[in-house]
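# Examining the three-dimensional arrangement
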Amino acid sequence: MTQLEHEPGTDEPNDYPAPHDAAAPTDAPADGWETRSDDAFAHAQAVIPGGVNSPVRAFGSVGGTPRFVASASGPYLRDVDGREYVDLVMSWGPALLGHAHPEVVAAVQEAAGRGLGFGAPTATEVELVDEIRRRVPAAERVRLVSTGTEAAMTAVRLARGVTGRDKVVKFAGCYHGHVDGLLASAGSGVATLALPGSAGVTAATAAETIVLPYNDLDAVEAAFAEHGDSIAAVLTEAAPANMGVVPPLPGFNAGLRRITREHGALLVQDEVLTGFRVGPGGWWGLEGRAEGWEPDLLMFGKVVGGGLPVAAVAGRAEVMDLLAPLGPVYQAGTLSGNPVATAAGLATLRLADAEAYARVDAASAYLRRAVTAALAEAGVPHALQWAGNLFSVVFGERAATEGARDYAAVQASEHWRYAPFFHALLDAGVYAPPSAFEAWFVSSAHDEAALDRVVEALPGAARAAAEATPPA
């Protein structure tokens, strides 16, 4: 389940079943000005801030021109230049079954044919909620929203409404969307009231957030000893994957449950990335269910929408029922529970059966072994960190011997090796995450042919990482 280690290489063949059949991407580039990614990016920079609509897409941490995608199918992307890549980003998680799965596409087309949105309840949104509740019994009530950021904003507001307290604890390196208070950066103390982490976030807003080092229960205990009567909630990624993968140490999440219960605060687990991706019940299904504890609130996104904008806040009925229209905590959204988006999510979850998860897990394990074997052969010190089927690489001698257990360790790593590693993969037709601080994603569509293309590209990428030099 939770792994934080440097895995040995292996020559074992992969033997998981073949994925669903998918139509091959077309070789034809798009027409007009977007026949090249260079041209498309130049045009985008003139009309969109930074040329992108979400910052990591700009390749800022790896350099170079972002690839503009024309189409995707199964485990492959096709850019506007007509070049094909094995995709290891998978839309940052939602494409659990691969891109453009025929049955998901058919469900979307059927729903769109009935209407794109009504501003009224639909049966599909209730069916999606029922599927979430079936997989995660801790989700007694579910409120659908459109983005993970909305889910986090709602969870924090609800926690404050329930407890009558103002402050929220979060952990350095955990990302919960671009909610003002949750963009706060960590200070140097054990329990430091945060400074703003973005222009436009006021100091007063940031001061309501207490930022602690991840995997440190002593720091949590100290924060509650000092601020316990004003802390509404502890907000944590169930298994962090936004600073690279830094899994929780055994007992950490259970310890958070114990501490919050003792002090009358809520435990909010962010499963926007892990929910329904690392297993049918998300990370809670792997850990909390087995250990016999439940959070007060959970947040879901990514897979729950099947690639379209759906997210959710879920949790204990007596907490969730304080949301309007039953209770005094207001939340609303014109597009919440959109019928086309919920159709995509429902189709995805219904297709995400034991066989699909077995394929994803096997593909992830195969790549983890291949990545670490190639880096070891090239003499690159590293740790291969994983949580379920999510994984990432941390470079450096310290990482190789200790792993990275918090954000400070990730920041202290030799992450300057990642850009040449990334570009060598990209040049070889493999689209890895364009940041050292992101998780790698595979899907049930990553068959032997796709994975072998990655394996063939890894030795060259490992050599590029080995030859990298630190910035002056």
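Residues numbered from 1 in each chain as written. Predicted model: local features only at pLDDT ≥ 70, side-chain atom pairs only at ≥ 80, totals over all residues. Heavy atoms only, no water.

## Topic: the pairing of strand S14 (residues 390–395)
Along S14, 6 of the 6 residues are buried, which leaves the element largely enclosed by surrounding structure. Burial along S14 is two-sided: the face carrying Leu390, Ser392 and Val394 and the face carrying Phe391, Val393 and Phe395 are both buried. Here strand S13 (residues 382–387) runs beside S14; their pairing, made up of 6 bridges, is antiparallel. Bridge pairing in S14 links tryptophan 386 to phenylalanine 391. Hairpin remark: S13 followed by S14, antiparallel, with 2 residues in the connecting loop; positive phi at glycine 388, about 65°. (Buried < 20%, exposed > 50% of the residue type's maximum accessible area, 1.4 Å probe, protein only. Helix = DSSP H or I, 4+ residues; strand = E, 2+ residues; numbered from the N terminus. Pairing = 2+ DSSP bridges.)

## Overview of unusual backbone geometry
Look at the link from alanine 324 to proline 325: it is a cis peptide, with omega at 15°. By secondary structure assignment, the location of proline 325 is in the loop between helix H10 (317–320) and helix H11 (339–351). A positive phi angle, near 50°, is found at methionine 90, a position not held by glycine. Among the secondary structure elements, methionine 90 is positioned in the loop between strand S4 (84–87) and helix H2 (102–114). Positive phi, normally seen in glycine, also occurs at tryptophan 92, with a value near 60°. Within the element layout of this structure, tryptophan 92 appears in the loop between S4 and H2.

## A look at the packing of aromatic side chains
Counting across every chain of the model gives 13 aromatic pairs. With centroids separated by 5.3 Å and ring planes inclined at 85°, the aromatic side chains of phenylalanine 59 and phenylalanine 422 adopt a geometry described as edge-to-face. With phenylalanine 59 in the loop between helix H1 (37–47) and strand S2 (69–73) and phenylalanine 422 in helix H15 (residues 418–427), this pair connects stretches of sequence that are 363 residues apart. By relative accessible area, which is 0% here, phenylalanine 422 ends up buried. With centroids separated by 6.0 Å and ring planes inclined at 50°, the aromatic side chains of tyrosine 418 and phenylalanine 421 adopt a geometry described as tilted. One end of the pair is tyrosine 418 and the other is phenylalanine 421, both in helix H15 and 3 residues apart, which spans about a single turn. Since its relative accessible area comes to 1%, phenylalanine 421 is described here as buried. An aromatic cluster of three or more residues is present, and its members are Phe59, Tyr85, Phe391, Phe395, Tyr418, Phe421, Phe422, Tyr431 and Trp440. The lysine or arginine in question, arginine 368, covers the ring of tryptophan 386, its NZ or CZ lying 3.7 Å from the ring centre. (Phe/Tyr/Trp six-rings, centres within 6.5 Å; stacked < 30°, edge-to-face > 60°. Lys NZ or Arg CZ within 6 Å of the ring centre and 35° of its normal.)

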